[in-house]
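# Summary of structural features
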Amino acid sequence: MWSKRPILYVCLLTGLAIAFAMAGPSSGQNASTAIEAPSGYDNQPNGLTDSATFTMDRGKFEETEAIGDGLGPIFNAQSCRECHQNPVTGSTSQVKELRAGHQDSFGNFVAATATLADGTVTIANRSLINQRAICPAVDTITVNGGPPQPYNFPQTQGQERISTAETIRAFRMSLNTIGDGFVESIADQTLLNLASSQCSNTGGLICGETVRVPVLEASGALAVGRFGWKNQHASLLSFSSDAYLNEMGISNRLPPNNVDVTRLCDVVPDPNDNTPDSEGLTDMDHFARFMRATKVPPRDTALATSSDGVAGATLFHNVGCDICHVSSITTAPPGTAVAAGAFTVPPSLGSKVIHPYSDFLLHNIGTGDGIVQTGGQETAQKMRTPPLWGVRTRTELLHDGRSVTFYDTIQRHRNEAQPVLNNFNNLSTTQQNQLITFLRSL
Ligand code: HEC
Ligand code: HEC
C-alpha cells in the first residue's frame, strides 16, 4: 500500500540539500477493505438517495429565489446553481466573490465595515461584501404564498460599499461541491494524522494546519474544517445555512444565520427558509442532502490513460505535488459520527477511497489573501489546498482566479511549496507538459 517516494534532492535558498523520502500518497482508515467512491458527471446519486429524491433535492439547489421568498436585502446570486454548475449542478463556475478588511495596529485582521443607503446604514465586522441588493426597485411580490403586495423602494441604495480604510481586498473563486459528502465523511483524526505525517516526512518544511470550526447544527461544537478556501466549515449543512444567508440573503433556522444581515428594504420576516415540507426538511436540508448524494468528479479517461497522462501522474508524485495534493484518502467506516456528532457516515459514503488531490489543510504558499475567518490570526496568509478533482473544468485558477494557465498556477507556488516548485522547474519541458497533461485529466 505504501510506496516510497524517490529521493529528491532539493536545493533551498540556503543551499542546503534536503531529501524527501515521503510515505506514499494514501491516507485514511481501513484502506484494505475500502472500495472506490462512484464517480460521474451524470446527474445520478452515489447511492445515498434514490434517483427521484436526488432529482428533487437537485431541483431545490437549482431554485431561483425572489424578493418574496426572502432574497437579500443584500446577496450575490439568486440560486446555488448560479455559482455551482460547470459542467453539472453542484460543481464549480467562474463566479467570484469579494472579501475585504484591514489590519489593526497589532497587525490583526479586522473584517470590513460596509455602508449602504448613502452611508446611513452600517454593517460592521463582515469580510464578505455582497455585490447585489434588492433595492432600489419597485415590484409586486408574494410573501409565503399570500396575496400580491407592493414592494416600493425606488430611492433606497441597497448596494454595499467599502471605504479606502479597508486596505485588504480579495476575490474568491467558486468551488466544486460534487463529491463533498465523501469529504464530510473523512474522520477528523485522518486529517490530523495527515498533518502530522506531512510535517515529519518533510522535516518540518511542509506543515499543513488544521482548524477546528463550529458545527452550527451541533450548537457550535467544534470539528476539523475542510470546506471553503479557509476551511471555514466542517459540515455541508453548516455550509448550506451559511451560503443561503450570505450568498442569497435567505435567513434560516441555524444561528447566526437566522436573521438577515440588514433590515434595509427587508419586507419578509426572518427566518426566510422556515417552512418544513412533508419530510420535515427546509430548503437547506435539501441542499445538504443533494451534495451528500453526489458522485465524485470523474477523470478524463482518455487523457488519464494516455502515455503523457500516465507519465505526468508519476511526475506529479515524484516532484512532491501530492505531499499537499494527496491522491487517495479513505473515508471513515459507516456508522462513524463526524461533524462533531451531527452526521453519521452512511454505508454509501463510508469506507470509500476518494482521489481528491487535496490534504484539506491550510498552507502558506505565498498566495494568502490576508483574511481570517473561523481560524486564528495565523491563518491570514494561508489557504486550503484546493482539491484538484474536476480542475479540468476551471479556467481561472487559485483562490483569486488570477492564474489562467496551469503553468502560471504552478509558478505561484512559493514558501512552503518552494522545494516542490524547484523540482518542477528542474524537469525538462517535455516532463513539465506531461505533468500538465495529468492535471488536464483530473
Ligand atoms: C454567488 C456565488 C455563490 C452562490 C450563490 C453559492 N455559492 Fe457556494 N461557493 C461560492 C464560493 C465563492 C465558494 C468559496 C467560498 C470561500 O471559501 O470563500 C463557495 C463554496 C461552497 C462550498 C464549499 C465547497 C468545498 O468543497 O469547499 C459549498 C458546500 C457551497 N459553496 C454550497 C453552496 C450552497 C448550498 C449554495 C446555495 C445556498 C451556494 N453554495 C451558493 C459561491 C457561491
Ligand atoms: C505546500 C503544499 C502544496 C504543494 C506542494 C503544491 N500545492 Fe498546489 N496548491 C496549494 C494551495 C494551498 C493552493 C491554493 C492557493 C491559493 O488559491 O491561493 C494550491 C493550488 C493549486 C492549483 C489551483 C487549483 C484551483 O482549483 O484553483 C493547482 C492546479 C495546483 N495547486 C497544482 C499543483 C502542482 C502541479 C503542484 C506540484 C508542482 C502543487 N500544486 C504543489 C498547495 C500546494
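Residues numbered from 1 in each chain as written. Chains lettered and ligands numbered in written order. Predicted model: local features only at pLDDT ≥ 70, side-chain atom pairs only at ≥ 80, totals over all residues. Heavy atoms only, no water.

Quick look at the overall build of the chain now. On a plain count of helices and strands, the chain comes out with eleven helices and 22 strands. For the chain, the C-alpha radius of gyration of 22 Å lies close to 22 Å, the compact-globule estimate for 442 residues. Seen through its principal axes, the chain has C-alpha atoms that stretch 70 × 55 × 40 Å. The long-range fraction of contacts in the chain, counting pairs at least 24 apart against all pairs at least 6 apart in sequence, stands at 67%. For the chain, the exposed surface amounts to about 18000 Å²; the carbon and sulfur share of it is 53%. For the chain, the distance from the average site of its 30 positive side-chain charges to the average site of its 40 negative ones is 6 Å. (Helix = DSSP H or I, 4+ residues; strand = E, 2+ residues; numbered from the N terminus. Rg over C-alpha atoms; globule rule 2.2 N^0.38 Å. Contact = heavy atoms within 4.5 Å. Areas by Shrake-Rupley, 256 points an atom, 1.4 Å probe, with all protein chains shown as cover. Lys, Arg positive; Asp, Glu negative; His and termini not counted. Charge placed at Lys NZ, Arg CZ, Asp CG, Glu CD.)

Here we come to the coordination of the iron atom of ligand 1. For the iron atom of ligand 1, the protein contributes exactly one donor atom, His84 (NE2), at 2.1 Å. Take His84: it is sitting in the loop between helix 2 (80–83) and strand 6 (96–103). (Donors = N, O, S within 2.8 Å, 3.2 Å for Na, K, Ca; no water.)

The coordination sphere of the iron atom of ligand 2 contains the protein donors His325 (NE2) and His413 (NE2), at a distance range of 2.0 Å. Coordination at the iron atom of ligand 2 comes from six donor atoms whose angles at the metal span 88 to 179°, giving a geometry best classed as octahedral. On the criterion of sequence distance, the pair formed by His325 in the loop between helix 8 (307–319) and strand 17 (328–330) and His413 in the loop between helix 9 (406–411) and helix 10 (418–425) is long-range, its members being 88 residues apart. Residue His325 shares its accessibility class with His413, and that shared class is buried. (Tetrahedral: all angles 85-135°; square planar, octahedral: opposite > 155°, others 65-115°. Buried < 20%, exposed > 50% of the residue type's maximum accessible area, 1.4 Å probe, protein only.)

Here we come to the site of ligand 1. If you check the shell around ligand 1, you find 30 residues, and the closest are Cys80, Cys83, His84, Arg172 and Asp180. The separation between a nitrogen atom of ligand 1 and a polar side-chain atom of His84 is 2.9 Å. A distance of 2.7 Å separates an oxygen atom of ligand 1 from a polar backbone atom of Trp229. Residue assignment for the shell around ligand 1 shows that the elements contributing at least two residues are helix 2, strand 14 (168–173), helix 5 (236–248) and helix 6 (283–292). If one sorts the elements of the shell around ligand 1 by residue count, helix 5 sits on top with seven residues. (Near = heavy atom within 4 Å. Polar contact = N/O pair within 3.5 Å; in protein donor to acceptor, adjacent residues only side chain to side chain.)

What is meant by a disulfide is a covalent connection between two cysteines, made through their sulfur atoms. Taken as a whole, this structure holds two disulfides when the rule is applied. In this model Cys135 forms its disulfide with Cys265; the gap between the sulfur atoms is 1.9 Å. The S-S bond linking Cys135 to Cys265 shows a torsion near 70°; that makes this disulfide right-handed. Residue Cys135 is found in the loop between strand 11 (132–133) and strand 12 (137–142), and its partner Cys265 is found in the loop between helix 5 and helix 6; the two are separated by 130 residues along the sequence. Cys135 gets classed as buried once you look at its relative accessible area, which sits at 3%. Exposure remark for Cys265: the relative accessible area of 5% places this residue in the buried category. Disulfide connectivity for the chain, with bonded cysteines indexed by sequence position, reads 1-4, 2-3. (Disulfide = S-S within 2.5 Å.)

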